[in-house]
Amino acid sequence: MAIGPTVFENILTPDEVNLVCSYCKSTNKWGELFLEYANIPPYEHFWKGRSIRGAEVEVLSVRYLMLYKRELIKKLIHLHYGAEIPLYADTLNLIRWPEGYELQLHADNINPNGHPHNFPHREFASVIYLNDDYKGGQMYFPQWDFEPKMEPGSVCIAPAGLEYMHGVTKISDGVRYTISSFYTHDRFKADLHDQE
């Protein structure tokens, strides 16, 4: 029987949340475009100026905290879903969600319309929430009737695939900040931090 998306609370302590949020709100590093999306027109506008790769985070305490928590999340995926180890991550990104942004219903490794997906290797995803001073921005998994109330410092983890389609409602006020990663058993898809 399939195991649904789940939430683990307090993956970051309040002090760690404050550290990363302060960085998000003060940095000028918000990138123009994810490198891997550079030649993919549908993503071009959506992610522009809203992402910072972990490797681009110049405050080392923030970067190493993000990496450490990603390793912890791999262990949670293994324990909760029975996923074989090792798992490799292909991303570690801070994401900024300004007012007006939303994410339509989708799967992380397959397109419902049958068109080729850009990341078919992805098997799991995680999203750490960093703040709650915004309106909207609700993650939802309609097939599981699951709309988790996410506190700052909590993480939502879910397998990829059509059984785990999800979206994010429109931000109606404020800015939502998250840390996102995707995981795979394909070591050749690992990002530079996971190749070490």
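Please refer to the structure higher up on the page.
A brief look at the structure comes next. Computed from a predicted structure; not experimentally measured. (Residues numbered from 1 in each chain as written. Predicted model: local features only at pLDDT ≥ 70, side-chain atom pairs only at ≥ 80, totals over all residues. Heavy atoms only, no water.)

1. Description of the environment of Tyr-81
Inspection of the secondary structure assignment puts Tyr-81 in helix α3 (residues 60-81). It is 8.5 Å that separates the C-alpha atoms of Tyr-81 and Pro-159, two residues lying 78 residues apart in sequence. In contact with Tyr-81, other than residues within four places in its own chain, are Ile-3, Gly-4, Pro-5, Thr-6, Leu-76, Phe-124, Ile-157, Ala-158 and Pro-159. (Helix = DSSP H or I, 4+ residues; strand = E, 2+ residues; numbered from the N terminus. Contact = heavy atoms within 4.5 Å.)

2. Section: the nonpolar core
Val-20, Ile-73, Ile-77, Leu-94, Ile-128, Leu-130 and Ile-179 are the most contacted members of the largest nonpolar core, which totals 31 residues. In terms of residue count, α3 provides more of this core than any other element does, 8 residues in total. Those residues in contact with Ile-77 that sit more than four places away from it in its chain are Gly-82, Ala-83, Leu-87, Phe-124, Ile-157 and Tyr-183. By size, the runner-up hydrophobic cluster in this structure holds 14 residues, among which are Trp-97, Met-139, Met-150 and Cys-156. (Core = buried A, V, L, I, M, F, W, Y, C linked by side-chain atoms within 4.5 Å. Buried < 20%, exposed > 50% of the residue type's maximum accessible area, 1.4 Å probe, protein only.)

3. Looking at empty space enclosed by the protein
Under the criterion given, the structure shown has 1 cavity of 30 Å³ or more. Considered as a void within the structure, the largest cavity measures approximately 40 Å³ in volume. Counting only elements with at least two residues in the lining of the largest cavity, the list comes to α3, β6 (124-129) and β12 (176-184). (1 Å grid on protein atoms, 1.4 Å probe; cavity = no way out; pocket = protein on both sides within 12 Å on 5 of 7 lines; lining within 4 Å. Points joined across faces, edges and corners; volume = space filled by probe spheres on them.)

4. So, α3
If you check α3, its first and last C-alpha atoms are 31 Å apart, about what 22 residues at 1.5 Å a residue would give, namely 32 Å. Taken residue by residue, α3 has Val-62, Arg-63, Leu-65, Met-66, Leu-67, Lys-69, Arg-70, Ile-73, Lys-74, Leu-76, Ile-77 and Tyr-81 as its buried positions. Downstream of α3 by a residue or two, Gly-82 has a phi angle that is positive, lying close to 75 degrees. (Expected span 1.5 Å × (residues − 1).)

5. As for unusual backbone geometry
In this structure, Pro-86 follows Ile-85 across a cis peptide bond, with omega equal to 5 degrees. Tracing the sequence through the fold places Pro-86 in the loop between α3 and β3 (88-89). Look at Asn-10: it is not a glycine, yet its phi comes out positive at around 60 degrees. Within the fold, Asn-10 resides in the loop between β1 (6-8) and α1 (14-26). Residues other than glycine seldom take positive phi values, yet Asp-145 does so here, at roughly 50 degrees. Relative to the helices and strands, Asp-145 is located in the loop between β8 (139-140) and β9 (155-159). What makes Asp-145 exposed here is its relative accessible area of 72%.

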